[in-house]
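Each chain is listed here by its residues.
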Amino acid sequence: LAKTTQPISMDSYEGQEVNITCSHNNIATNDYITWYQQFPSQGPRFIIQGYKTKVTNEVASLFIPADRKSSTLSLPRVSLSDTAVYYCLVGDMRDNYGQNFVFGPGTRLSVLP
Amino acid sequence: DVKVTQSSRYLVKRTGEKVFLECVQDMDHENMFWYRQDPGLGLRLIYFSYDVKMKEKGDIPEGYSVSREKKERFSLILESASTNQTSMYLCASSSTTRTGEAFFGQGTRLTVV
């Protein structure tokens, strides 16, 4: 399994763009990158997934450089409700059984008024 | 919307009791998972199932068993509850065609006294 490293915590202010970077130096050819969000007392929620370059949805963007050894989750114009823990996961696309749903400690994002 | 429903939000049990945690999903997902989440340790995979009656051990299966008699239902069993099993338990499901995108329940906070 590719190990991931993220900052333990980040602070931001409302209205700012937040970028959370995840390092995964040992990412394998068949691995994809997935980000989850977790609010207190709730289960994690899927945000975005990508393999290379850039992926964007209504919630966030995911930037993946050519070497794929890192990825950056970008949250545009955060609000107080974006305060949560964000997890970066790296897993094998061929793994239909989801054995690679391994959650690290994540990044605790605090959005301040 | 995909719904993963856990039978209880809060549960208090006595040491030595047999405890059943139930999870039901309504999206016909093949894969189902049980995690526990503890402060500072993140989410840890206990067991997962990729089909009815099939199960695989995760990272911390000791003291737990599971049952999957129907596709939509995945039960976690604490054979003899102990205080070190006090934790937040999270159930998740995923489709084999959307590997990496898991849907989580709200969690069950179990306290063993």
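Look a little higher up for the structure.
In this report, the structure presented in the accompanying data block is examined. All residue numbers refer to position in the chain's written sequence, counted from 1. Chains carry letters from A onward and ligands carry numbers from 1 onward, assigned in written order. Residue-level local features of this predicted model are given only where pLDDT is at least 70; pairs of side-chain atoms are given and counted only at 80 or more, and the full residue set underlies all totals for whole chains, interfaces and linings. Where side-chain values are given, they derive from all heavy atoms of the structure, hydrogens and water being excluded.

## Notes on the overall build of chain A
Part 1 of the argument: For the purposes of this entry, the term helix denotes a DSSP run of H or I that reaches at least four residues, the term strand denotes a run of E that reaches at least two, and both are numbered from the N terminus. Helix and strand content of chain A: 0 helices and 9 strands.
Part 2 of the argument: Tracing chain A from N to C terminus, the helices and strands come up as β-β-β-β-β-β-β-β-β.
Part 3 of the argument: Taken along the three principal axes of its C-alpha coordinates, chain A extends 40 × 30 × 25 Å.
Part 4 of the argument: Contacts are assigned to residue pairs that have any heavy atoms within 4.5 Å of one another. Considering only intrachain contacts with a sequence separation of at least 6, the fraction spanning at least 24 residues in chain A is 57%.
Part 5 of the argument: A total of about 5700 Å² of accessible surface is found on chain A, and carbon and sulfur atoms cover 50% of it.
Part 6 of the argument: Across chain A, the mean location of the 9 positive side-chain charges is 5 Å away from that of the 9 negative side-chain charges. A 1.4 Å probe and the Shrake-Rupley method give the accessible areas. Residues count as covered only by the protein chains that appear here. Two residue types count as positive, namely Lys and Arg, and two as negative, namely Asp and Glu; His and chain ends fall outside the count. Charge positions come from single atoms, namely NZ of Lys, CZ of Arg, CG of Asp or CD of Glu.

## Thoughts on the state of the cysteines
Part 1 of the argument: In what follows, a disulfide is any cysteine sulfur pair within 2.5 Å. Tallied over the entire structure, the rule returns 2 disulfides over all chains.
Part 2 of the argument: A sulfur-sulfur separation of 2.2 Å characterises the disulfide bridge that pairs Cys22 of chain A with Cys88 of chain A. Residues Cys22 of chain A and Cys88 of chain A are joined by a disulfide whose S-S torsion is about -80°; by sign, that bridge is left-handed. On the criterion of sequence distance, the pair formed by Cys22 of chain A in strand β2 (residues 18-23) and Cys88 of chain A in strand β8 (residues 84-92) is long-range, its members being 66 residues apart. Like Cys22 of chain A, the residue Cys88 of chain A is buried in the burial classification.
Part 3 of the argument: With its sulfur 1.9 Å from that of its partner, Cys23 of chain B forms a disulfide with Cys91 of chain B. In this structure the cystine formed by Cys23 of chain B and Cys91 of chain B twists about its S-S bond by roughly -75°; its chirality is therefore left-handed. With Cys23 of chain B in strand β3 (residues 19-25) and Cys91 of chain B in strand β9 (residues 87-94), this pair connects stretches of sequence that are 68 residues apart.
Part 4 of the argument: The exposure class of Cys23 of chain B is buried, given its relative accessible area of 0%.
Part 5 of the argument: Since its relative accessible area comes to 0%, Cys91 of chain B is described here as buried. Burial status follows relative accessibility: with a 1.4 Å probe on protein chains alone, a residue under 20% of its type maximum counts as buried, one over 50% as exposed, and anything between as partly exposed.

## Description of the sheet that holds strand β7 (residues 64-70) of chain B
Residue and element names in this part refer to chain B.
Part 1 of the argument: Spatially, the 4 strands line up as an open sheet ordered β1-β3-β8-β7, and their pairing is antiparallel. The open sheet has two edge strands with one neighbour each: β1 (4-6) and β7. Strand-to-strand, the axes of this sheet are offset by a mean angle of 20°, without reference to chain direction.
Part 2 of the argument: Criterion used throughout: strands pair if DSSP finds at least two bridges between them. Of the pairings in the sheet, the one linking β3 to strand β8 (residues 73-78) comprises 6 bridges and is antiparallel in character. Its bridge partner lying in β8, Glu22 is registered against Ser75. With axes taken as lines fitted to C-alpha atoms, and helix axes fitted only over the stretch in contact, angles between N-to-C directions fall between 0 and 180 degrees.

## Details of the pattern of salt bridges
Residue and element names in this part refer to chain B.
Part 1 of the argument: Counted as salt bridges are all cases of a side-chain nitrogen of Lys or Arg within 4 Å of a carboxyl oxygen of Asp or Glu. For the structure shown, the criterion picks out 5 salt bridges over all chains.
Part 2 of the argument: Residue Lys71 is joined to Asp28 by a salt bridge in which the shortest nitrogen-to-oxygen separation is 3.1 Å. Taken as a pair, Lys71 in the loop between β7 and β8 and Asp28 in the loop between β3 and β4 (31-38) lie far apart in primary sequence, 43 residues in all.

## Re the side chain of Ser49 of chain B
All names here are of chain B.
Part 1 of the argument: Along the chain, the position of Ser49 falls in strand β5 (residues 42-51).
Part 2 of the argument: Counting of polar contacts relies on pairs of N or O atoms within 3.5 Å, with two restrictions inside protein: one atom must be capable of donating a hydrogen and the other of accepting it, and residues adjacent in sequence are counted only when both atoms are side-chain atoms. Within the structure, Ser49 has its side chain in polar contact with the backbone oxygen of Met54 (distance 2.6 Å).
Part 3 of the argument: Engagement of the side chain of Ser49 in a polar contact is seen with the side chain of Arg68, the distance being 3.0 Å.
Part 4 of the argument: In contact with Ser49, other than residues within four places in its own chain, are Glu30, Asn31, Met32, Met54, Lys55, Arg68 and Phe74.

## Quick notes on the side chain of Ser71 of chain A
Residue and element names in this part refer to chain A.
Part 1 of the argument: Mapping Ser71 onto the fold places it in strand β7 (residues 70-75).
Part 2 of the argument: By relative accessible area, Ser71 is classed as buried at 0%.
Part 3 of the argument: Polar side-chain contacts of Ser71 include one of 3.0 Å to the side chain of His24.
Part 4 of the argument: For Ser71, the residues in contact, after removing those within four places along its chain, are Ile20, Thr21, Cys22, His24, Ile33, Trp35, Leu62, Phe63, Ile64 and Cys88.

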